[in-house]
Amino acid sequence: MLMEFLQPESLAEALAAKAAAPEAVPIAGGTDVMVELNFARRRPPTLLDLTRVPELAGWSLKGGRLRVGAGVTYADLTGERGGDGLVGPLPGRLPGQLPGLAMAARTVGSPQIRNRGTIGGNLGSASPAGDCHPMLLAASADIEAASLRGTRIIPVDQFFTGVKRSALAPDELITAVWISPPAGPEQFAKIGTRNAMVIAVAAFGLALHPERRTVGTGIGSAAPTPIRAREAEAFLTAALNDAGLWQSRAELPLAVVTEFADLVSAAARPIDDVRGTASYRRRALAVLARRTLTWAWNDYGRGRAAAGGEG
Ligand SMILES: Cc1cc2nc3c(=O)[nH]c(=O)nc-3n(C[C@H](O)[C@H](O)[C@H](O)COP(=O)(O)OP(=O)(O)OC[C@H]3O[C@@H](n4cnc5c(N)ncnc54)[C@H](O)[C@@H]3O)c2cc1C
């Protein structure tokens, strides 16, 4: 069967093509799509190449939030590409603006995959193991989706609707991700069977939000979709506020760290599969949660030291 290959050169053309052929499969870096085609898991009648759509590239600061184009690659996020393709008005590079996402991007695949793979493609695949997702959840990011009908914003915790399923309508494309520049430390950690080129067995993202005195979390690879550990967030937020820890930046009580880790582990709904058992994933998540909280809180404490006293 012949496959049609569409190559729009603007967002308007891409949206018109998707509206005319909603079954067309968008292709950005192709690092998921080409695997599916090569293994004959999918044979779409039409591929919609997004790599020539300028509106999906680059990033900018608008209304105090970062708008990261769907076509931004992992190499852009880590800075491996040297920032050459980035067209943001900000001084400084994207990795410095989004440290948690840069950490997650550094764990993805190999240099080749990081050069091609995009944040929009990660969301498009909507895998429970996608490495961007825990940090996007922890940062309360929003997904910008567009169609000929208009543009809408989907909060990331409403974007994932099932295993590899998302809230995207058949005629919609992901155009960007909106994230507030973090005001506090972020951390990401994942466990796999080796250090590189591995799908996470479990992953965890944590963001401290001192400006609103809350914390954000994201769990990967341990539920049908990426999820937030809401009880853990509420517990830690209350514990930090009740003890005045945002102000004092004092060491975290061990009981708080342990309870947070247990609540993160309890939030997971993992399965046994070839990569790991459900009980291993729960255990691993508790360890990841404890470590990331300790690292992030140490960073926050160092903020006081750097400022020379009370924060
Ligand atoms: C060897 C290897 C290692 C990998 N390692 C990792 C890893 O460590 N962590 C990880 O998270 N992933 C990993 N992946 C998976 C993959 O690289 C990522 O999911 C990547 O982000 C996909 O981006 P892409 O641009 O290549 O997407 P594509 O393959 O082009 O597309 C992926 C999906 O998203 C859809 N899509 C793409 N762009 C849009 C858009 N703008 N709007 C709507 N839908 C869109 C496509 O139709 C498709 O369904 C790996 C893949 C390989 C082959």
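Predicted, not measured: the structure shown is a model, and the values here were computed from it.

Student: How should I be thinking about unusual backbone geometry in this particular structure?
Tutor: Leaving glycine out, the prevailing phi sign among residues is negative, and the prevailing peptide bond configuration is trans. In the Ramachandran plot, Ala 40 falls in the positive-phi region, its phi being about 55 degrees despite a non-glycine side chain. Note on placement: Ala 40 falls in the loop between helix 2 (33-38) and strand 3 (46-49). By relative accessible area, Ala 40 is classed as exposed at 65%. Non-glycine residue Ala 126 carries a positive phi angle of around 50 degrees.

Student: I keep staring at the environment of His 133 and nothing clicks. Help me out?
Tutor: Examined against the element boundaries, His 133 turns out to sit in helix 8 (residues 133-138). It is 9.5 Å that separates the C-alpha atoms of His 133 and Thr 225, two residues lying 92 residues apart in sequence. Ignoring any residue separated from it by four or fewer positions in sequence, one finds His 133 in contact with Asn 122, Leu 123, Ala 126, Ser 127, Phe 160 and Pro 226.

Student: It is not clear to me how the pairing of strand 11 (residues 186-191) should be interpreted in this structure. Could you clarify?
Tutor: The side chains of a regular strand alternate between the sheet's two faces. In terms of burial, strand 11 is a largely internal element, six of the six residues being buried. Residues Glu 186, Phe 188 and Lys 190 line one face of strand 11 and the alternating positions Gln 187, Ala 189 and Ile 191 line the opposite face, and both faces are buried. Pairing analysis gives six bridges linking strand 11 to strand 12 (residues 202-209), with the strands arranged antiparallel. Note that in strand 12 the partner of Ile 191 across the bridge is Ala 202.

Student: Just to check I follow, could you spell out the pairing of strand 3 for this structure?
Tutor: Of the two faces of strand 3, the one carrying Thr 46 and Leu 48 and the one carrying Leu 47 and Asp 49 are both buried. Inspection of the sheet shows strand 1 (residues 4-6) paired to strand 3 by three bridges, in the parallel sense. Residue Leu 6 lies in a different strand from strand 3, and its bridge partner there is Leu 48. Bridge count for strand 2 (residues 25-27) against strand 3 is three bridges, and the pairing is parallel. When the sheet's bridge partners are listed, Ile 27 is paired in strand 3 with Asp 49. In this fold, strand 2 hands off to helix 2, which returns the chain to strand 3; that crossover is right-handed.

Student: Looking at this structure, how should I read the nonpolar core?
Tutor: Grouped burial of nonpolar side chains is what soluble globular proteins tend to show. If you look at the biggest cluster of nonpolar residues, it comprises 48 residues, and the most contacted ones within it are Leu 101, Ile 119, Leu 123, Leu 136, Ile 143, Val 177 and Ile 179. Aside from chain neighbours lying at most four places away, what touches Leu 123 is His 133, Leu 136, Ile 143, Phe 159, Phe 160, Ile 174 and Val 177. In this structure, Ala 222, Ala 223, Ala 268 and Ala 284 belong to the second largest nonpolar core, which totals 36 residues.

Student: I would appreciate a short explanation of the environment of Gly 63 in the present structure.
Tutor: Note on placement: Gly 63 falls in the loop between strand 4 (59-62) and strand 5 (65-69). The spatial distance from the C-alpha of Gly 63 to the C-alpha of Ser 180 is 9.6 Å, given a sequence separation of 117 residues.

Criteria and cut-off values
- Residues numbered from 1 in each chain as written.
- Predicted model: local features only at pLDDT ≥ 70, side-chain atom pairs only at ≥ 80, totals over all residues.
- Heavy atoms only, no water.
- Helix = DSSP H or I, 4+ residues; strand = E, 2+ residues; numbered from the N terminus.
- Buried < 20%, exposed > 50% of the residue type's maximum accessible area, 1.4 Å probe, protein only.
- Contact = heavy atoms within 4.5 Å.
- Pairing = 2+ DSSP bridges.
- Right-handed = clockwise from strand over helix to strand, strands pointing away.
- Core = buried A, V, L, I, M, F, W, Y, C linked by side-chain atoms within 4.5 Å.

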